[in-house]
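Geometric and topological summary
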Number of protein chains: 2
Amino acid sequence: MKYNQVTIKDIARELGISPSTVSRALKDHPDISPQTKKAVNELAEKLNYQPNIVALSLRQSKTNTLGVIIPELVHFFFSTVISGIEDVAYSAGYNVIITQSNESLQREKTDIKALFNSRVDGMLISVSRETSSFEHIESILAKGVPMVFFDRVYENANSSTVIVDDLSGAKEATQHLIDQGCTRIAHLEGPPNLGITKQRLEGYVQALNENKMPVQKELIVSCPLGTIEEGKIAAEQLLKMPNRPDAIFATNDPAAMGAMQAIKEAGLKIPQDIAVVGFSNWFFSSLLEPPLTSVDQPGFEMGQEAAKLLIRQIEFKSKDNEDPAPETKVLKTRLIVRDSSLKKGKPKK
Amino acid sequence: MKYNQVTIKDIARELGISPSTVSRALKDHPDISPQTKKAVNELAEKLNYQPNIVALSLRQSKTNTLGVIIPELVHFFFSTVISGIEDVAYSAGYNVIITQSNESLQREKTDIKALFNSRVDGMLISVSRETSSFEHIESILAKGVPMVFFDRVYENANSSTVIVDDLSGAKEATQHLIDQGCTRIAHLEGPPNLGITKQRLEGYVQALNENKMPVQKELIVSCPLGTIEEGKIAAEQLLKMPNRPDAIFATNDPAAMGAMQAIKEAGLKIPQDIAVVGFSNWFFSSLLEPPLTSVDQPGFEMGQEAAKLLIRQIEFKSKDNEDPAPETKVLKTRLIVRDSSLKKGKPKK
DNA sequence: GTGAAAGCGCTAACAC
DNA sequence: GTGTTAGCGCTTTCAC
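Parameters at a glance
- Residues numbered from 1 in each chain as written.
- Chains lettered and ligands numbered in written order.
- Predicted model: local features only at pLDDT ≥ 70, side-chain atom pairs only at ≥ 80, totals over all residues.
- Heavy atoms only, no water.
- Helix = DSSP H or I, 4+ residues; strand = E, 2+ residues; numbered from the N terminus.
- Rg over C-alpha atoms; globule rule 2.2 N^0.38 Å.
- Buried < 20%, exposed > 50% of the residue type's maximum accessible area, 1.4 Å probe, protein only.
- Contact = heavy atoms within 4.5 Å.
- Areas by Shrake-Rupley, 256 points an atom, 1.4 Å probe, with all protein chains shown as cover.
- Buried area = accessible area lost by both parts, 1.4 Å probe.
- Salt bridge = Lys/Arg side-chain N within 4 Å of Asp/Glu carboxyl O.
- Polar contact = N/O pair within 3.5 Å; in protein donor to acceptor, adjacent residues only side chain to side chain.
- Nonpolar A, V, L, I, M, F, W, Y, C, P; charged D, E, K, R; others polar.
- Near = heavy atom within 4 Å.

Along its length, chain A carries 12 helices and 12 strands. Expected size for 349 residues packed as a compact globule is a radius of gyration near 20 Å; at 26 Å, chain A overshoots this value by more than 25%. Its C-alpha atoms give chain A principal-axis dimensions of roughly 90 × 40 × 35 Å. Across the 349 residues in chain A, those meeting the buried criterion constitute 57%. When contacts within chain A are restricted to residue pairs at least 6 apart in sequence, those whose partners lie at least 24 apart make up 73%. Of the accessible surface of chain A, which amounts to about 15100 Å², a share of 50% is contributed by carbon and sulfur atoms.

With that out of the way, let us pick up the interface of chain A and chain B. The interface of chain A with chain B comprises 57 residues on the first partner and 57 residues on the second. Around 5100 Å² of area is buried between chain A and chain B when both sides are counted, 59% of it from carbon and sulfur atoms. Taken together, the connections running from chain A to chain B amount to two salt bridges. A salt bridge links B:Glu86 to A:Arg107; the shortest N-O distance between them is 3.9 Å. In this assembly, chain A and chain B are joined by 10 residue pairs in polar contact (both at pLDDT 80 or more). Within the residue set of the side of chain A that touches chain B, elements represented by two or more residues are α4 (53-60), α5 (76-91), β2 (95-100), α6 (105-117), α11 (253-265) and α12 (299-319) of chain A. Residue composition of the side of chain A that touches chain B, by class: 28 nonpolar, 20 polar and nine charged.

On to the protein's contact with DNA strand C. Around DNA strand C lies a shell of 24 residues, among which A:Ile8, A:Ser23, A:Tyr49, A:Arg59 and B:Thr21 are the nearest. Contacts to DNA strand C include A:Asn52, whose backbone N or O atom sits 3.4 Å from a phosphate oxygen. One of the side-chain nitrogen or oxygen atoms of B:Ser20 is found 3.4 Å away from a base nitrogen of DNA strand C. When residues of the surface near DNA strand C are traced back to their parent elements, those giving at least two are α1 (8-15), α2 (19-26) and α4 of chain A together with α2 (19-26) and α4 (53-60) of chain B.

So, on to unusual backbone geometry. Going from A:Ile270 to A:Pro271, the amide bond is cis rather than trans, its omega being 5°. Relative to the assigned elements, A:Pro271 resides in the loop between α11 and β9 (275-279). Its identity as a non-glycine residue notwithstanding, B:Asp151 has a phi of 60°, on the positive side. Assignment of secondary structure puts B:Asp151 in the loop between β4 (147-150) and β5 (160-164). The buried category is assigned to B:Asp151, whose relative accessible area is 2%.

Glancing now at the protein's contact with DNA strand D. Lining the immediate environment of DNA strand D, one finds 25 residues, of which A:Ser20, A:Thr21, B:Ile8, B:Tyr49 and B:Arg59 sit closest. Backbone sugar and phosphate groups make up 59% of those atoms of DNA strand D lying within 4 Å of the protein. Between a phosphate oxygen of DNA strand D and a side-chain N or O atom of A:Thr21, the distance comes to 2.5 Å. Between DNA strand D and the protein, one listed contact pairs a sugar or linking oxygen with a backbone N or O atom of A:Asp31 at 3.1 Å. For the surface near DNA strand D, the secondary structure elements donating two or more residues are α2 and α4 of chain A together with α1 (8-15), α2 and α4 of chain B. Its residues placed into classes, the surface near DNA strand D shows seven nonpolar, 11 polar and seven charged.

In structure tokens:
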């Protein structure tokens, strides 16, 4: 299948010069005479010549393409990250190939192999929820492909990472609930193998400790799936307790939404009876304001930072032989307070 | 920048055979002896050989890649379409490159050119809101690149299209409001240059006509931007009318959300005072249930159908020289009724 | 059953 | 200032 592609040869033939001269003229090489340049550029324009990137990539062993692996595109957070990546990549002359692991380790393995086969210059990866072993990543790293991990990072890799300061965010959220007068704050916890889960729990614990409040195991419930249903079930369990919590800090927004449903169905009021705070890893859409206070994650910035780090690494490598030292960028969260989820009328502690 | 890529040559050298034999052995060519095949495959496995897709693409003048241009990734509808496209593409052995026009014609032009330069085998396009001239598309079509348009289609092209039956969907939605006893139904209209806008208006008009209800110009307000604010302003205008509407059929969900805000701020009840129905072109997230009745669009199926049509066209073309006849696939919408936005207690007409 | 050679489109020494 | 040549990794005639 060959389409009507104009090549450098076509221009050369038509002008009676050699392909290399055409190539040089097109990239404004100083050796080429102005007349030749003019003739070449005009003809290229006329024939609507478009360079064949595939040939270029093969020739230079460089595709100018970044590969991205994300868990799922439908989440606002990740689609925002993509936009951040594109922003930086395009202005640096790189294309972007996006793949979704759909939270499946198997799919992640396929994706990483496909990206390698496409000879992307580097990869930006946020690992799936299932990922707890990393041989598939190591084997590609061993081939010398630069990688930057973001949000869900592979901590042991000798690669750069971009993360959000989940610990501080979680601490801030918990402190906020404490400031509103909450005394029995529950925590809906995330998937056990993700670093962010530990960070958020730790922030929660630290806030309680600093306020000399006890950490009660029965107030910490696991929500590994990240679904609304799961949050609902977890909250129902909490509501059945003889001494039920007066606040819930959820590890993500779906869990928070589920909890809110359970609370409403139990005939209780939010935030008067129970306050709810979510963590917007799974935040929904810029168009929508969810009815809960939440810890907002800077997706666009995360994409930008990750792409910057990766491109730096790629271009560093193409010059020297040394790898640049891996870097870790930590981005701040932002607590978005919506009055609907705050306990009103209680005095600030 | 060359990474540690194992090539066919490496295998050939190590085994003391020629690259062409290795190539044949790897693709199970009948000529090659079983022993050679075995040796080659084992060594390839051992060295973790991965074929270089770039070289393959250049050689065969076929990249096995589909290019996609969508307005914006953050919208649930479009990210669903992407998943549908990937579903079909991957199982047919194609990769997918996604670009976002960000609703900008300029960006769409850049994207289409970039995809062509990458020599994608075909393109799946949903045009931007700004797109009203189509030279940029025609110029690539002229080069023989197969294209399939979806949702926001280029109607005059001699290409296949996949659309949603917006007319029937809009008619059904309007009829639904009529069935609930609404008599003054307003319509928030979309961007004037999109075909879907006309279809939805037409469905609205047809439903009114069939019920012998008048079409009142003052009840039709334009909302070209697709934002919440816009819907809000439009609804405020409608509410100020001496004889205000008792229902609003919005051209998209953000407009519907905005209208709902305006209605609530005016102290009116939904759906008792004014019923609201949205059109989920911009529907938010699978995780979230928006509090409105809406016409749901089958994004995943749309992606699947579009990819199927495109791949068929590509493979048809690579064999014969004739183009296959363009096809138009029309998908049905689904009216999702949530009681919160229905006028209750009024008798069915 | 296997090897040699050509070529996809492009660029970058190396000539002159 | 321009042409010639080689080669990126792979497949595929055409030899033998």
